[in-house]
Amino acid sequence: MAEIRKSEGFIDWLDQRLAVKAFMRVMMTEYWIPKNINFLWAMGVVLVILFGVLLVTGLLLLMYYKPDINLAFDSVNYTIMQEVEYGWLWRHMHGVAASATFLIIYIHLFTGIYYGSYKKGREMIWITGMVLFIAFSAEAFSGYMLPWGQMSYWAAQVITNLFSGIPVIGDDVVIWIRGDYVVADATLTRFFMLHVVLLPLVIIVVIAVHFYSLRFPHVNNQDSVEFDFDAESKKFLDGDKKESKVVPFWPVFLSKDFFVVGFFMTIFFALVCYHFDFAMDPINFEPANSMKTPAHIYPEWYFLWNYEVLRGFFFDIGGMAAMDIGLIAFVIANIVFMILPFLDRNPMNTAPAHKRPIFKYWFWLLVCDMIVLTVYGKLPPTGMNAWVGFVAAVIFLGLFIALPFITKHEAKGDEQ
Amino acid sequence: MATCQKRRDFIGMALTGVTAVGGVCALGAMKKSWDPLPSVQSAGFVTVDISTIQEGEARSFQWRGKPIFVLRKSADTPKNAKRDVVIGEKIFTLVIGLCTHLGCIPSYDAKKKSFICACHGGVFDASGINTFGPPPRPLDIPPFKISGETLVLGEEGEEYKKLIAKKA
Ligand code: FES
């Protein structure tokens with residue numbers, strides 16, 4: 001054990017026991033970030049802030065929420081909204097932050113795809129990021145159910161029913177997940193557990209791993225130039241700050257991030273105060289009724305593209321039931337992003353999309369297709385709409401099937 | 001030294017074994033905790049009176065938390081010997097009112113003589129057979145027993161067994 005001497009102050013006292021100075025150096029002041037990155041790289045920090053907002057507001061809501069099918073609806077819509085002072089604020093912040101989190105996650109994700117930040121040593125960052133996406137999806141879904149409104153109830157009914165697609169044991173699995181033959185009290189209480197304890201814990205752990213995995217390959221940059229972090233950071237430390245291509249995370253990089261966060265939070269609070277309803281479905285202000293389905297069911301906006309892939313296949317193809325095709329497509333849509341680093345077969349090219357000859361079309365086609373899926377996911381699945389959904393779903397799957405070939409072809413072009 | 005190493009290996013293996021057995025048992029217990037409670041499983045039998053249902057009218061009842069549709073077919077509604085429940089002169093369709101696709105509740109459209117599921121556009125005919133959209137199979141028939149003009153839901157009566165047998 002190191003020798004403990006009389007401390008010269010509080011920091012020194014802590015430093016001798018917890019090595020706080022070394023910790024700060026590694027985590028903050030000597031964690032190097034490239035200079036040539038734009039505001040899109042600030043989305044990670046925005047997400048951290050949003051997660052903090054969700055956590056704090058969630059704790060406040062938890063004090064009055066009652067996980068019981070007879071009490072849940074009123075505990076939210078009456079107690080929290082009317083009685084608890086500022087209860088409305090926490091609820092709207094929680095709801096809007098949940099929606100905003102997905103908006104930022106999508107921006108974060110597409111930034112990564114655009115700049116090729118998922119490959120060349122950065123695979124683990126990408127994979128842990130996608131695990132986070134799935135964990136957040138589960139968290140959002142389990143939370144959506146808690147107010148026990150009509151839409152919550154039927155969303156839970158439909159989503160849990162998806163598991164009946166598992167061969168042989170499907171129907172039993174559904175009953176097992178619900179703890180009842182239909183979505184009922186047992187379902188509510190277990191989803192409550194998932195939403196407030198288990199999933200947040202998982203998310204926190206995966207966030208830590210996500211950050212950790214970022215340390216080794218370092219942050220990608222706008223032009224994806226490769227440079228020697230050791231040499232560049234040495235320049236910076238030697239006082240040659242202009243020449244150096246990197247800046248320390250704290251205080252230089254974060255100061256810029258804080259600006260983006262500040263800008264974002266302004267919009268966020270405008271939404272919370274004036275347009276909170278964008279994150280709330282009117283049907284969810286009707287108490288759940290297990291004997292009546294709303295005329296038209298759809299999930300929150302951030303799951304629409306996924307939902308449209310699920311229901312896009314509405315007729316049987318070659319002896320395969322429409323439902324099974326839809327389910328398989330749905331499962332593929334959920335995992336296909338995870339394996340993106342391995343589908344992109346151009347090993348050299350980490351350039352941003354606009355510098356890649358074919359990939360850029362692929363990227364924008366994907367974005368457009370997902371927007372189409374999202375829009376049509378909200379429309380009733382009848383007549384023309386069903387066909388648009390079908391075509392968009394096929395294109396979505398086709399894009400990922402085509403990716404290895406496209407990128408392989410691109411790689412050949414690069415060699416010449 | 002060698003004996004010492006062996007002893008350590010043994011302790012290591014014993015510890016692994018005990019942990020593995022304990023872990024498997026714990027997982028089993030956890031799985032069981034998620035199973036429906038006995039009070040849910042025995043959600044019992046429900047008796048419903050269907051004598052007052054008019055021709056062409058569909059009524060819904062609740063059994064085990066699920067909606068049960070009873071439709072009394074009118075003269076011009078297509079019959080289906082494999083699925084009809086006949087009580088005297090009256091012919092009924094008796095099904096669990098949950099779409100076999102993802103479990104929404106379809107509603108009966110008397111004009112089109114079909115059950116329409118709004119969720120993903122599934123359509124079932126008056127006998128509960130899927131005719132359009134994603135539902136993979138006809139609406140399920142709940143176990144029932146006929147006594148006079150009332151149905152006992154949850155009990156497997158003669159009529160029910162016959163219907164199920166016909167399907168096979
Ligand atoms: S749940 Fe009825 S069509 Fe999907």
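Residues numbered from 1 in each chain as written. Chains lettered and ligands numbered in written order. Predicted model: local features only at pLDDT ≥ 70, side-chain atom pairs only at ≥ 80, totals over all residues. Heavy atoms only, no water.

1. Description of the nonpolar core
All names here are of chain A.
Step number 1: Ile113, Phe268, Phe337, Trp362 and Phe396 are the most contacted members of the largest nonpolar core, which totals 87 residues.
Step number 2: Sort the elements by how many residues they give to this core and helix 5 (residues 87–114) lands first, with 13 residues.
Step number 3: Leaving out residues up to four positions away in the same chain, Ile113 has contacts with Tyr118, Trp126, Phe337, Leu340, Phe359, Trp362 and Phe363. (Core = buried A, V, L, I, M, F, W, Y, C linked by side-chain atoms within 4.5 Å. Buried < 20%, exposed > 50% of the residue type's maximum accessible area, 1.4 Å probe, protein only. Helix = DSSP H or I, 4+ residues; strand = E, 2+ residues; numbered from the N terminus. Contact = heavy atoms within 4.5 Å.)

2. Topic: the packing of helix 3 (residues 43–62) of chain A against helix 5 of chain A
When two helices pack together, their arrangement is captured by the angle between the axes and the distance separating the axes.
Residue and element names in this part refer to chain A.
Step number 1: Close contact between helix 3 and helix 5 brings their axes to 9 Å; oriented N to C, the two are set at 155 degrees. Of the possible angle classes, the one that applies to helix 3 and helix 5 is roughly antiparallel. Crossing geometry of helix 3 relative to helix 5 is assigned as left-handed.
Step number 2: Of the residues in the contact of helix 3 with helix 5, the class split is 16 nonpolar, 7 polar and 1 charged. (Axes fitted to C-alpha atoms, helices over the stretch in contact; angles between N-to-C directions. Parallel < 35°, antiparallel > 145°, perpendicular 65-115°, else oblique. Left-handed = near helix turned anticlockwise from the far one by under 90°. Nonpolar A, V, L, I, M, F, W, Y, C, P; charged D, E, K, R; others polar.)

3. Focus: the side chain of A:Arg178
Step number 1: Take A:Arg178: it is sitting in helix 8 (residues 170–178).
Step number 2: With no salt bridge to any partner, buried A:Arg178 finds its closest opposite charge in A:Asp180, at an N-O distance of 8.1 Å. (Lys, Arg positive; Asp, Glu negative; His and termini not counted. Salt bridge = Lys/Arg side-chain N within 4 Å of Asp/Glu carboxyl O.)

4. Here we look at the side chain of A:Gln150
Step number 1: As for its position among the elements, A:Gln150 is in helix 7 (residues 150–161).
Step number 2: Setting aside anything within four residues of it in sequence, one finds A:Gln150 in contact with A:Ile283, A:Asn284, A:Glu286, A:Pro287, A:Ala288, A:Asn289, A:Lys292 and A:Pro294.

5. Structural notes on the interface of chain B and chain A
In many analyses, interface size is given as the accessible surface area lost on bringing the parts together.
Step number 1: In this assembly, 29 residues from chain B lie in contact with 28 residues from chain A.
Step number 2: Of all residues in chain B, B:Trp34, B:Leu102 and B:Ile105 give up the largest surface area on contact with chain A, accounting jointly for 29% of the area buried on that side.
Step number 3: Remark: the boundary between chain B and chain A carries 0 salt bridges.
Step number 4: The tally of links from chain B across to chain A stands at 4 residue pairs in polar contact (both at pLDDT 80 or more).
Step number 5: Counting residues per element, the ones that place at least two in the side of chain B that touches chain A are helix 1 (2–34), helix 2 (38–41), strand 2 (58–63) and strand 3 (66–72) of chain B.
Step number 6: Considering each element in turn, the side of chain B that touches chain A owes the most residues, 3 residues, to helix 1 of chain B.
Step number 7: Across the side of chain B that touches chain A, the residue classes break down as 15 nonpolar, 10 polar and 4 charged. (Buried area = accessible area lost by both parts, 1.4 Å probe. Polar contact = N/O pair within 3.5 Å; in protein donor to acceptor, adjacent residues only side chain to side chain.)

6. Side note on the sheet that holds strand 6 (residues 107–109) of chain B
Residue and element names in this part refer to chain B.
Step number 1: The strand order 6-7-8-9 describes an open sheet built from 4 strands, whose pairing is antiparallel. Edge positions in the open sheet fall to strand 6 and strand 9 (130–132), since each of these has one partner strand only. Neighbour to neighbour, the strand axes of the sheet diverge by 35 degrees on average, direction disregarded.
Step number 2: Relative to strand 8 (residues 122–125), strand 7 (residues 114–117) is paired through 4 bridges, and the arrangement is antiparallel. Pairing of Cys117 across the sheet is with Gly122, part of strand 8. (Pairing = 2+ DSSP bridges.)

7. Observations concerning the confidence of the model for chain B
Residues and elements named next belong to chain B.
Step number 1: Across chain B, the average pLDDT comes to 83, with 96% of residues at or above 70.
Step number 2: By mean pLDDT, the top-scoring element of chain B is helix 1 (90), and the lowest-scoring one is helix 3 (residues 158–167) (74).
Step number 3: Both scores are available for the predicted complex, with the pTM at 0.85 and the ipTM at 0.72. (pLDDT = per-residue confidence, 0-100.)

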